[in-house]
Amino acid sequence: MKTRIVLSALLALVLTAPLVAAVPEVVIESPRGGYISEPIVTISGTVKNASDKFATLVYNGVSQRVAVSENGSFSAKMVLSHGDALVEVQARNSDGIGRDRVSFYANVEKVAMKVVLVWDSNGTDMDLWVTGPDGEKVFYANKTGKAGGQLDIDVTTGYGPETFTCKTPQAGTWQIQIQNFTPGKSPVTRMRVDLILFEGTDRELRRSYSVVAFRESEVISVVSFAITPGMEFRIR
């Protein structure tokens with residue numbers, strides 16, 4: 001009799017106990033930390049039990065979406081900045097947010113200018129254009145400029161990032177533009193451009209610009225700015 005009472009009490013506890021929230025399981029498989037000397041690294045891993053078909057990747061405080069495949073895998077290329085790095089990948093569902101983090105040291109060459117384009121639609125092609133004081137446009141069809149700037153990553157399948165870097169930017173006027181190169185009818189796409197100068201130094205300067213693409217082949221002027229001979233930044 002006592003055994004039945006005890007079993008009934010245990011069963012009641014199990015049935016009335018609150019369910020443990022099952023937030024998404026996120027695993028960054030590569031890189032796993034340490035010391036990296038390659039300027040471009042692929043962040044890859046898996047996501048389980050998420051409600052969205054994308055995860056959020058945060059690199060040194062700058063966030064972007066990354067597509068999650070049907071089998072739960074994700075992969076995105078990133079241009080590294082010299083020094084300590086922290087990467088976090090987040091995914092969500094109705095129970096909350098799951099995340100994984102990895103830190104490493106990037107022993108890569110320092111650059112004085114970096115421009116990063118990310119956007120919020122998958123399967124779309126947004127092209128980053130950067131035109132320097134010499135009038136040369138660096139973009140997917142001209143990835144390396146004579147003045148030294150280069151398009152390190154060209155993404156044609158959605159979200160980005162497209163990244164332009166320049167070790168020693170020329171003094172003069174620079175222009176950043178975006179072309180919606182998605183063939184056919186494309187969705188309204190929200191984009192963000194991060195302009196980073198002298199990253200990792202006491203002169204570091206960051207500016208973010210948000211723009212929207214509405215139609216195919218549209219060219220959007222994001223910002224025009226000047227760099228003085230003394231390497232000072234001025235908005236035009």
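Position labels on residues start from 1 in each chain and follow its written sequence. Selection of residues for local features in this predicted model requires a pLDDT of at least 70, selection of side-chain atom pairs for listing and counting requires 80 or more, and totals for whole chains, interfaces and linings are taken over all residues. Values shown for side chains rest on all heavy atoms present in the structure; no hydrogens or waters enter the calculation.

Chemist: Provide a residue-level description of empty space enclosed by the protein, including the pertinent values.
Modeler: As defined here, a cavity is a set of points on a 1 Å grid over the protein atoms alone where a 1.4 Å probe fits but cannot get out. A pocket is an open set with protein on both sides within 12 Å along at least five of seven lines, and residues line them when an atom is within 4 Å of a point. Grid points are joined across faces, edges and corners, and a volume is the space filled by probe spheres set on the points. A complete count under the given rule lists two cavities of 30 Å³ or more for this structure. Estimates place the volume of the largest cavity at around 170 Å³. Each helix is a run of H or I in the DSSP string that is no shorter than four residues. Each strand is a run of E no shorter than two, and both are numbered from the N terminus. Mapped onto the lining of the largest cavity, the elements with two or more residues apiece are β5 (62–67), β6 (73–79), β9 (113–119) and β15 (189–197). Here the lining of the largest cavity is built from residues that sort into eight nonpolar, five polar and four charged. Estimates place the volume of the second largest cavity at around 60 Å³. Together, Val130, Thr131, Gly132, Asp134, Glu136, Val138, Gly145, Lys146, Ala147, Gly149, Phe164 and Trp174 line the second largest cavity. Polar here means any residue other than Ala, Val, Leu, Ile, Met, Phe, Trp, Tyr, Cys and Pro, which are nonpolar, and Asp, Glu, Lys and Arg, which are charged; Gly is therefore polar. A class-by-class count of the residues in the lining of the second largest cavity yields five nonpolar, four polar and three charged.

Chemist: So, the sheet that holds strand β8 (residues 96–106): which residues are in play, and what are the values?
Modeler: We call two strands paired when DSSP finds no fewer than two bridges between them. The five strands are arranged β2-β8-β7-β4-β5 in an open sheet whose pairing can be described as mixed. Each edge of the open sheet is held by one strand with a lone partner, namely β2 (34–36) and β5. When the angles between neighbouring strand axes are averaged without regard to direction, this sheet yields 35°. With six bridges connecting them, strand β4 (residues 54–59) and β5 associate as antiparallel partners. Paired with phenylalanine 54 across the two strands is alanine 67, which belongs to β5. In this analysis, axes come from line fits to C-alpha atoms, helices being fitted only over the stretch in contact, and the angle between any two N-to-C directions falls in the range 0 to 180 degrees.

Chemist: So what about the pattern of salt bridges? Which residues, and what values?
Modeler: The salt bridge definition used is simple: a Lys or Arg side-chain nitrogen within 4 Å of an Asp or Glu carboxyl oxygen. Here the structure, examined in full by the defined rule, presents 13 salt bridges. With a closest N to O distance of 2.6 Å, glutamate 204 and arginine 206 form a salt bridge. For arginine 206, a relative accessible area of 34% corresponds to the partly exposed category. Each of Lys114, Glu199, Glu204 and Arg206 takes part in salt bridges that share partners, so that together they form one network. Whether a residue is buried, partly exposed or exposed follows from its accessible area with a 1.4 Å probe, protein chains only, as a fraction of its type maximum: under 20%, in between, or over 50%, in that order.

Chemist: With reference to specific residues and values, describe the packing of aromatic side chains.
Modeler: In this analysis, rings of Phe, Tyr and Trp, with Trp reduced to its six-membered ring, are considered paired at centre separations within 6.5 Å, and the interplanar angle assigns stacked below 30 degrees, edge-to-face beyond 60, and tilted for intermediate values. Inspection of every chain in the model, using the stated rule, returns seven aromatic pairs. Geometrically, the ring pair formed by phenylalanine 139 and tyrosine 140 is edge-to-face, given 5.2 Å between the ring centres and 80° between the ring planes. Ring geometry for tyrosine 140 and phenylalanine 181: centres 5.2 Å apart, planes at 45°, overall tilted. Separated by 41 residues along the polypeptide, tyrosine 140 in the loop between β11 (137–138) and β12 (150–153) and phenylalanine 181 in the loop between β14 (172–180) and β15 bring together distant segments of the chain. Accessibility expressed as a relative area gives 31% for tyrosine 140, which makes it partly exposed. On the basis of relative accessibility, which here comes to 37%, the residue phenylalanine 181 falls in the partly exposed class. In textbook terms, an aromatic cluster arises when at least three aromatic residues are bridged by ring pairs, as seen for Trp129, Phe139, Tyr140 and Phe181. Counted as over-ring charges are cases with an Arg CZ or a Lys NZ within 6 Å of the ring centre that also lie within 35 degrees of the ring normal. Over the ring of phenylalanine 139 we find lysine 137; its NZ or CZ atom is 4.5 Å from the centre of that ring.

Chemist: Outline the confidence of the model for the protein chain, listing residues and values.
Modeler: pLDDT gives the predictor's per-residue confidence on a scale running from 0 to 100. Chain-level pLDDT for the protein chain is 90 on average; 91% of the residues reach the 70-or-more range. Within the protein chain, no element has a lower average pLDDT than helix α1 (residues 2–16), which sits at 52, and none a higher one than strand β1 (residues 25–30), at 98.

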